[in-house]
Amino acid sequence: MAWSLSLILLEGYNLLLILITVPITRILQEILDLIFGSSRVDCLKRGTHLFCYRALCTKVSILQKISQRLFLRVYRGLEDMSFVERDDVTLYAVEKDKFVFVKTRPGADMYSEEPYPFFRMNQEAATKELLVASHEAVFRYLDSKPRRDGSNIALLYVLGRCGSTLTNQLVQCSGQALTICEPLTINHVCRIINERNETVSNSSNSEDLKLLRACLLLLAKHPNQRYFIKVQPFGGVEVLSHIAHLALPEVTEMFLYRALKPVTTSYLKMGGPYYSRRICSHMIETMLPKYKRIWNKVQDTDQRKVILFSLLVQMHSFFLEAVERKNIKSYSYESLMADKEGFCRSLLQHIGVGPEHVPRALTALNKDSQANLSCISRTVMKSRKVEISTEVMEWVRKVARDEFGIVLEEPDCLCTNFPNQWNT
């Protein structure tokens, strides 16, 4: 009963925030439009929580509890693209016709794990101004610079709930790379590309590659600095496995995964019934058409099966690409737990960092990788009991084998045939 009451109160609180903040924001936005002139071109999709402001330095901090701020929009155009080189300007969003940047307050470090572990959360906590530039302006600016091949960029693709934040912090503690943890801009680009194309094979056209290249170069904007970018899972990011190396031939890629049972359990504990329904719906909506066709064959209303299938989809694209290209190295959470030093040594070597930095990197193990995460408290997560039946696990093993060619080992469904594993 206590668990049910706490869940109801939490979800009721989230609903109340929406009911209060949306109308207040609209009223204040109308006032701003009357004073400063309106811009009917929305730069950020609804639901990003960063509406932004420039003329008024007033924050509506109703959303403080979830470590985000609600900003009012006042836009201004820019002709001189050199602003993107400033250390206090970072890429925040990519829309179908524009790039959106945020200018942050002096001294704010977007690449630190403080105050938050995620790039976008640090941006939202420190934003002062919203800057907007068209695709064409950005492309012209990048074309005017010396050609870059992505050799200073490493992309970590992940399954989610698999030790990826800890892995990000291993690199961060080495001091040899700027880490960008789950920038939503990459997800925005993938969504645009997937909406343009019915199949992955059509997503390698020049416009798509140009958009992805621009996004990655704007995130990793200093050519002589090494960057380690952890990509947020889901949202159609599996397309990256097929095209990132086409956009930037020398980019370094790797994939991190974990046994599917504990990943699914963690997602369900993290969100509870309400959030789990939302994330399941999002997973299905953002699948590529070829995976939706498979889902139509095997679909089930059980949330556990929806999440497990979505994890297979996420894994499969990188699985196929790793078979074709030996330069995508794979890592598992289980191998990290079994050999922390060997895992770290291999990871750093793969991104071009020498073994002398391993001891410093391993200091990340003394920290709490989940500190300052706002999604839900650990007390609530522990109180949520999640069971995944033998029938469900047998179902996912069969689907993995028959539809994806992936072998999942009992009892927790750990993939045993993922190509290019670091320790084999």
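Shown above is the structure to which this text applies.
Here is what the cut-offs are and how they apply
Residues numbered from 1 in each chain as written. Predicted model: local features only at pLDDT ≥ 70, side-chain atom pairs only at ≥ 80, totals over all residues. Heavy atoms only, no water. Helix = DSSP H or I, 4+ residues; strand = E, 2+ residues; numbered from the N terminus. Buried < 20%, exposed > 50% of the residue type's maximum accessible area, 1.4 Å probe, protein only. Contact = heavy atoms within 4.5 Å. Areas by Shrake-Rupley, 256 points an atom, 1.4 Å probe, with all protein chains shown as cover. Disulfide = S-S within 2.5 Å. 1 Å grid on protein atoms, 1.4 Å probe; cavity = no way out; pocket = protein on both sides within 12 Å on 5 of 7 lines; lining within 4 Å. Points joined across faces, edges and corners; volume = space filled by probe spheres on them. Salt bridge = Lys/Arg side-chain N within 4 Å of Asp/Glu carboxyl O. Axes fitted to C-alpha atoms, helices over the stretch in contact; angles between N-to-C directions. Parallel < 35°, antiparallel > 145°, perpendicular 65-115°, else oblique. Nonpolar A, V, L, I, M, F, W, Y, C, P; charged D, E, K, R; others polar. Pairing = 2+ DSSP bridges.

Asks: Just to check I follow, could you spell out the overall build of the chain for this structure?
Replies: Each helix and strand counted, the chain has 15 helices and 10 strands in total. Sorting the 424 residues of the chain into buried and exposed places 55% on the buried side. Taking contacts inside the chain between residues at least 6 apart in sequence as the whole, the part at least 24 apart equals 77%. Of the roughly 19,200 Å² of accessible surface on the chain, a fraction of 52% belongs to carbon and sulfur atoms.

Asks: Can you help me understand the state of the cysteines in this one?
Replies: A disulfide bridge is the covalent bond that connects two cysteines by way of their sulfur atoms. Throughout the structure, instances matching the rule amount to 0 disulfides. Among the cysteines around Cys190, which has no disulfide bond, Cys215 carries the closest sulfur, lying 8.2 Å off. Using a relative accessible area of 0% as the deciding quantity, one classes Cys190 as buried.

Asks: When you look at the layout of surface pockets in this model, what are you seeing that I'm missing?
Replies: By rolling a water-sized probe across the atoms, one finds the places where empty space is left. Volume-wise, the second largest pocket comes out at about 240 Å³. What lines the second largest pocket is a set of 13 residues, and nearest its centre among them are Tyr141, Lys145, Arg148, Lys221 and Pro223. Elements with a minimum of two residues in the lining of the second largest pocket: helix 3 (135-143) and helix 6 (206-219). Counting residues per element, the lining of the second largest pocket draws most heavily on helix 6, which supplies 3 residues.

Asks: Explanation requested: the pattern of salt bridges in the structure shown.
Replies: A side chain of one charge can pair with a side chain of the opposite charge when the charged atoms of the two come close. Considering all chains together, one arrives at 18 salt bridges under this definition. A salt bridge links Asp208 to Arg196; the nearest nitrogen and oxygen atoms lie 2.6 Å apart. Here the residue Asp208 occupies a position in helix 6, and Arg196 occupies one in helix 5 (residues 184-196), the gap between them amounting to 12 residues. Under the relative-accessibility criterion, Arg196 is labelled partly exposed at 42%.

Asks: Even after reading the chapter, I still don't get the packing of helix 6 against helix 7 (residues 240-247), so can you show me in this structure?
Replies: Packed helices, taken two at a time, are described by the angle their axes make and the gap between the axes. Put simply, helix 6 and helix 7 touch, their axes get as near as 9 Å, and they point 80° apart. Classified by the angle their axes make, helix 6 and helix 7 are roughly perpendicular. Two secondary-structure elements touch here, helix 6 through Leu209, Leu212 and Arg213 and helix 7 through Leu240, Ile243, Ala244, Leu246 and Ala247. Among the residues making up the contact of helix 6 with helix 7, the classes are represented as 7 nonpolar, no polar and 1 charged.

Asks: Quick question: what am I supposed to make of helix 7 here?
Replies: Three- or four-residue spacings in an α-helix give side chains the same orientation, since the helix completes a turn every 3.6 residues. By the criterion of burial, helix 7 is predominantly enclosed, with 7 of the 8 residues buried. Taken together, the buried residues of helix 7 touch strand 4 (153-158), helix 5, helix 6, strand 7 (252-257) and helix 10 (303-324).

Asks: Explain the pairing of strand 3 (residues 127-134) to me, please; I cannot follow it from the model alone.
Replies: Residues in a regular strand project their side chains so that they alternate between the two faces of the sheet. Burial within strand 3 is extensive, with 6 of its 8 residues counted as buried. Two elements, strand 2 (residues 98-104) and strand 3, share 7 bridges in a ladder whose sense is antiparallel. Paired with Val100 across the strands is Val132, a residue of strand 3.

Asks: Whenever I open this one, the sheet that holds strand 2 confuses me. Can you help?
Replies: For sheets, the rule is that strands pair by backbone hydrogen bonds, running either parallel or antiparallel. The sheet built from 3 strands is open, its strands ordered 1-2-3 with antiparallel pairing. Edge positions in the open sheet fall to strand 1 (89-94) and strand 3, since each of these has one partner strand only. For this sheet the average axis-to-axis angle between neighbouring strands, irrespective of direction, equals 30°. As paired elements, strand 1 and strand 2 share 5 bridges and run antiparallel to each other. Within the sheet, the bridge partner assigned to Val89 lies in strand 2 and is Lys103. Lying over the sheet, helix 3 contacts strand 1, strand 2 and strand 3, oriented at roughly 85° with respect to strand 3.

Asks: Is there a simple way to explain unusual backbone geometry in this structure?
Replies: With glycine set apart, most residues show a phi of negative sign, and most peptide bonds adopt trans. Between Glu410 and Pro411 the backbone carries a cis peptide bond, its omega angle lying at 0°. The phi torsion at Arg161 lies on the positive side, around 55°, for a residue other than glycine. Within the secondary structure, Arg161 sits in the loop between strand 4 and helix 4 (164-174).

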